[in-house]
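Chain by chain, the residues run as shown.
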Amino acid sequence: MHDVGSHTFPLAPWGITEPHCDPLRNQLAETLFALGNGYIGQRATFEEGYSGPAGTSRDGTFLNGFYDIEPIQYPENAYGLARRNQFMLNVPNAKRVQLWIDNEAFDVFQGTLETHQRSLDFREGVLHREVVWTSGSGKKVRIQIRRLVSFEHKHLFAMEFQVTALNFSGPIRLVSSVDGEVRHLAAGDDPRVGSHVSAPPLMLQEVVQDQDFSALVHKTRNSGFGLVSAIDHQLQASDFSSSLQGQRQSSEHDYQIDIQEHETVTLHKYGAYFTSRDFPEAELLPRARELLTHARLGGFERLVQSQKAYLQAYWSEADVEISGDDALQQGIRFNQFHLLQSVGKDGKTNIAAKGVTGEGYEGHYFWDTEIYIFPVMLFTRPEIARKLLEYRLQGLNHARERARQMSHKKGALYPWRTIAGEECSAYFPAGTAQYHINADIAYSIKLYTEITGDESYLLEGGAEVLMETARIWMGIGAFIEPRGGAFCINEVTGPDEYSALVNNNFYTNAMAKMHLQFASQVARKLQKLHPEVFQQVASQMDLGLSEIDGWQQAAERMYLPTDEKLGVHPQDDSFLSRAVWDFENTPSDHYPLLLHYHPLVIYRYQVCKQADVVLALMLLSDQFSLEEKKRDYDYYEPLTTHDSSLSSCIFSIMASEVGYRQKAYDYFMDTARMDLDNQHNNTQHGVHTAAMAGTWMGVVYGFAGMRSHQGVLHFNPQLPQSWIHYQFKVHVRGQLLQVRVENGQAEYLLLKGTGLVLQHGNQNVHLQEGASQSLPLEGEGA
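Criteria and thresholds
- Residues numbered from 1 in each chain as written.
- Predicted model: local features only at pLDDT ≥ 70, side-chain atom pairs only at ≥ 80, totals over all residues.
- Heavy atoms only, no water.
- Helix = DSSP H or I, 4+ residues; strand = E, 2+ residues; numbered from the N terminus.
- Rg over C-alpha atoms; globule rule 2.2 N^0.38 Å.
- Buried < 20%, exposed > 50% of the residue type's maximum accessible area, 1.4 Å probe, protein only.
- Contact = heavy atoms within 4.5 Å.
- Lys, Arg positive; Asp, Glu negative; His and termini not counted.
- Charge placed at Lys NZ, Arg CZ, Asp CG, Glu CD.
- Pairing = 2+ DSSP bridges.
- Axes fitted to C-alpha atoms, helices over the stretch in contact; angles between N-to-C directions.
- Parallel < 35°, antiparallel > 145°, perpendicular 65-115°, else oblique.
- Left-handed = near helix turned anticlockwise from the far one by under 90°.
- Nonpolar A, V, L, I, M, F, W, Y, C, P; charged D, E, K, R; others polar.
- Polar contact = N/O pair within 3.5 Å; in protein donor to acceptor, adjacent residues only side chain to side chain.
- Expected span 1.5 Å × (residues − 1).
- pLDDT = per-residue confidence, 0-100.
- Salt bridge = Lys/Arg side-chain N within 4 Å of Asp/Glu carboxyl O.
- Phe/Tyr/Trp six-rings, centres within 6.5 Å; stacked < 30°, edge-to-face > 60°.
- Lys NZ or Arg CZ within 6 Å of the ring centre and 35° of its normal.

## Side note on the overall build of the protein chain
Line of reasoning, step 1. If you tally the helices and strands in the protein chain, you get 18 helices and 31 strands.
Line of reasoning, step 2. Taken against the 2.2 N^0.38 rule, which gives 28 Å for 782 residues, the C-alpha radius of gyration of the protein chain at 27 Å falls within 12% of a compact globule.
Line of reasoning, step 3. Dimensions of the protein chain, computed from C-alpha atoms along their principal axes, come out at roughly 90 × 60 × 60 Å.
Line of reasoning, step 4. Going through the 782 residues of the protein chain one by one, you find that 62% of them count as buried.
Line of reasoning, step 5. Sequence-distant contacts in the protein chain: of pairs separated by 6 or more residues, those separated by 24 or more amount to 67%.
Line of reasoning, step 6. Measuring between centres, the 66 positive side-chain charges of the protein chain sit 3 Å from its 94 negative side-chain charges.

Structural data, given as structure tokens:
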């Protein structure tokens, strides 16, 4: 168990609650209580605005995949560098509602704040805020606010703002607005934080006002996208009048109300965002009107019930239940809830490193999706996993263009960081050089095909993604005679960004081998079973059988050495010949290293930002012995700083496998509550979506030991010492399997399906629908 006092908020299994207003933790709370639906994201800033200490609030509303462009300025230029940055926009704030009592504005930093509480229940998906406040003149009100971003309607959010007069009768005002005066977060010296924006990216075209409806119409400065931000209202009060006001960048609805003592006034506000990335510009305003009218007529409570129904269906299959550690139970549900809020579900958007909770990393998509987040969606919501694959298919032509820019005559090279498919990484040693992005995408395609049994993605364009990306390995690799004719891949960067531009990065070579083998297998299978599809793809790609043979040959002769003296896999050709970083004399406040040392300094030493070789051992588990895994783990763990939020979860999983139970638990704890307890001290800029996914992986891949070998699930469960039980469900080949571990046993129950074969340790398990089988856990390990 963990010290309750060490946590940001009280422990609760299904939600988070902030019991009082705390300016010192407010910006963190704005991230943690943020709402989203995979498209709209709203930080949990106060609806009335914020007058507290500078730097303790960061307002923001974001649309996944909606961006502007800035040229990347290089003081020293070079051929092939990324030319334009795409960055996610902070769009107009449509959640603003201000309350006035007489001529005094409600402000938690003025008057007397008697109570203030925010709460979010992950089963409801509605942010609650309750305040009791007394004005300077002694007039006391209770304010109750509920807000949601609809899972049912991609473009919609809604809120209920209730005011109760506790000790007076008289005039009050509610002023609801949509405000286009928004700022963007500047990166400063921390490359993880924000964007370089030379001019306001949103240009106002029109303000539309019509009774309870109003909208701002904007156009992005450089990308040329249209945006409509619209609001509509419904007020319940005994005596009121209203008026419309237009400011330079906002539209305001001013409701003047004569309230009676103990009367409750209720304002329902509905908001919508539509952009020309989804629809023609001429349709945006009519679509916003239609959606808001539909929402207003249906009422706020119907949206609340819809939200609950969506989440009930989600949790019924995705919940990970842990008994015995309340902090972890809260942490994993918090993480899964934010993943669901952040992941794109339309085939046109992906999931950003910070989701839709902040501007960190500029809203860019990375390899995090395929290696960390995709498996969670695949096993809990496979239809979302399919949409993430469709996003990569949408970007194939951009990837082809990038390959040509990088002097590859054939193939496709996916960008390291992007929104719409164009490479946005300005620092190529840790960006473009990470060619493993191609293999990461191939890995997700392979995993999807094996786990779902659905080959339609391959037949509908996925095979082209797979094979065009495979071609790149033949473009950068070669059979090298001094290496005994092995296939070598030079001048790349692996996942560990503290080693850049190396030869034969182990992770890259191992994943490229998998990629080339799978591409060759798929090509042969299409040729045999779907000759028309194969001919179409081969014609489009100008693909010959000799090229497919070459992929297989390169895979078979891939250079994956073991150091004879140490018995470990070298991270790259030069890694083991470097001096070990002086960890003992590195001040604790000099981590993360990337903020305190020039890259060249870091590159000279044996030091890892994150799991690299160890990650390859997990992803390609069946290709390595337990002894190899343990030797590699023992070697690389002391060299790894975990300066990347992607690292701890992988070390937790592999510690479980090699028998280091306490280490597995400690690393898991670092991952599970990384954002809830702000362990990397930057959650105020947005959540860490990959680490959140790593928590689910830590339970399922780590403690339950689940691996997939050619579509067959293998388990080797263990029960952490402090836990009473844990339970989760996974989708596999259209079936739903429940795994429960307690009392020294693992129970496998097929909830839905026609029959499933899995492995528990070395034992085959055959299940029919509704049937379960319980088996003893293996030994306790080291």
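Having put the structure on the table, let's press on.
## Overview of the sheet that holds strand β5 (residues 84-90)
Line of reasoning, step 1. The four strands are arranged β2-β3-β4-β5 in an open sheet whose pairing can be described as antiparallel. Each of the sheet's edge strands pairs with one partner strand only, and the pair in question is β2 (35-36) and β5.
Line of reasoning, step 2. Pairing analysis gives three bridges linking strand β3 (residues 40-42) to strand β4 (residues 61-71), with the strands arranged antiparallel. Its bridge partner lying in β4, Q42 is registered against T61.

## Brief notes about the packing of helix α3 (residues 300-318) against helix α4 (residues 326-342)
Line of reasoning, step 1. Interaxial distance between α3 and α4 falls to 12 Å at its minimum, and their mutual angle equals 125 degrees. Taken together, the axis directions place α3 and α4 in an arrangement best described as oblique. When you trace α3 past α4, the crossing you get is right-handed. Residue-level contacts link Y310, L311, Y314, W315 and A318 of α3 to R333, Q336, F337 and L340 of α4.
Line of reasoning, step 2. In the contact of α3 with α4, the residues fall into seven nonpolar, one polar and one charged.

## Overview of the sheet that holds strand β24 (residues 707-709)
Line of reasoning, step 1. Pairing is mixed in the open sheet, where four strands are placed in the order β24-β25-β29-β30. Bordering the open sheet on either side are β24 and β30 (763-767), each of which pairs with just one other strand. Across the sheet, the mean angle separating the axes of adjacent strands is 35 degrees when strand polarity is ignored.
Line of reasoning, step 2. Examined bridge by bridge, β24 and strand β25 (residues 712-715) share three bridges and lie antiparallel to one another. Its bridge partner being in β25, H709 is matched across the sheet by V712.

## Quick notes on the environment of H436
Line of reasoning, step 1. Note on placement: H436 falls in helix α8 (residues 436-452).
Line of reasoning, step 2. When the C-alpha positions of H436 and N509 are compared, they lie 8.5 Å apart, and in sequence the two are 73 residues distant.
Line of reasoning, step 3. Look past the residues within four positions of H436 in its chain and what remains in contact with it is W367, W416, W473, T493, G494, P495, Y507 and T508.
Line of reasoning, step 4. At a separation of 2.8 Å, a polar atom in the side chain of H436 contacts the side chain of Q434.

## Looking at helix α17 (residues 661-672)
Line of reasoning, step 1. Here α17 spans 16 Å end to end across twelve residues, near enough to the 16 Å set by a 1.5 Å rise per residue.
Line of reasoning, step 2. Along α17, the residues that are buried comprise A664, Y665, Y667, F668, M669, T671 and A672.
Line of reasoning, step 3. Looking at the packing, one finds that the buried side of α17 touches α4, α15 (626-636), α16 (648-658) and α18 (689-703).

## Notes on α16
Line of reasoning, step 1. Burial analysis of α16 places ten of its eleven residues in the buried class, which makes it a mostly covered element.
Line of reasoning, step 2. Buried residues of α16: S648, C649, I650, F651, S652, I653, M654, A655, S656 and V658, and no others.
Line of reasoning, step 3. Of the surrounding elements, those touching the buried residues of α16 are α5 (368-380), α14 (613-619), α15, α17, α18 and β24.

## Quick word on the confidence of the model for the protein chain
Line of reasoning, step 1. Put simply, the protein chain has an average pLDDT of 95, and 97% of its residues get 70 or more.
Line of reasoning, step 2. The low-confidence segment residues 1-5, where pLDDT is below 50, has nine contacts with residues more than four positions distant or belonging to other chains.

## Here's the deal with the pattern of salt bridges
Line of reasoning, step 1. Scanning the model with the defined rule gives 51 salt bridges in all.
Line of reasoning, step 2. Between R381 and E383 there is a salt bridge; the shortest N-O distance is 2.4 Å.
Line of reasoning, step 3. Taking relative accessible area as the criterion, E383 reaches 42% and is therefore assigned partly exposed.
Line of reasoning, step 4. Across the pair D549 and R524 runs a salt bridge whose closest N-O atoms are separated by 2.1 Å. Pair noted here: D549 is in helix α12 (residues 545-556) and R524 is in helix α10 (residues 506-529), with a separation of 25 residues, a long-range link.
Line of reasoning, step 5. Note on D549: relative accessible area 42%, which makes it partly exposed.
Line of reasoning, step 6. Linked by salt bridges that have partners in common, R400, K410, E464, E468, R471 and E547 make up one network.

## Re the packing of α4 against α18
Line of reasoning, step 1. Two numbers describe how α4 lies on α18: the axes approach to 9 Å, and their chain directions differ by 130 degrees. Taken together, the axes of α4 and α18 are oblique relative to one another. When you trace α4 past α18, the crossing you get is left-handed. In this structure, α4 contributes I332, F334, N335, Q336, H338, L339 and S342 to the contact, and α18 contributes T689, M692, A693, T695, W696 and V699.

## A closer look at the packing of aromatic side chains
Line of reasoning, step 1. Here the structure, examined in full by the defined rule, presents 38 aromatic pairs.
Line of reasoning, step 2. For the ring pair W581 and Y605, a centre distance of 5.2 Å and an interplane angle of 80 degrees mean the geometry is edge-to-face. Note that W581 is positioned in the loop between β22 (579-580) and α13 (599-603) and Y605 in strand β23 (residues 605-606), a separation of 24 residues in sequence.
Line of reasoning, step 3. Taken together, the aromatic side chains of Y361, F366, W367, Y372, W416 and Y507 make up a single cluster linked through ring pairs.
Line of reasoning, step 4. K154 extends its terminal NZ or CZ atom over the ring of Y39, reaching a point 4.7 Å from the ring centre.
Line of reasoning, step 5. Above the face of the W14 ring, R333 is positioned so that its terminal group lies 3.7 Å from the ring centre.

## So, the pairing of strand β28 (residues 745-752)
Line of reasoning, step 1. The pairing of strand β27 (residues 735-742) with β28 spans seven bridges and is antiparallel. Within the sheet, the bridge partner assigned to L736 lies in β28 and is K752.
Line of reasoning, step 2. One ladder, built from five bridges, connects β28 with strand β31 (residues 772-776); its direction is antiparallel. Residue pairing for β31: A746 is matched across the bridge by L775.

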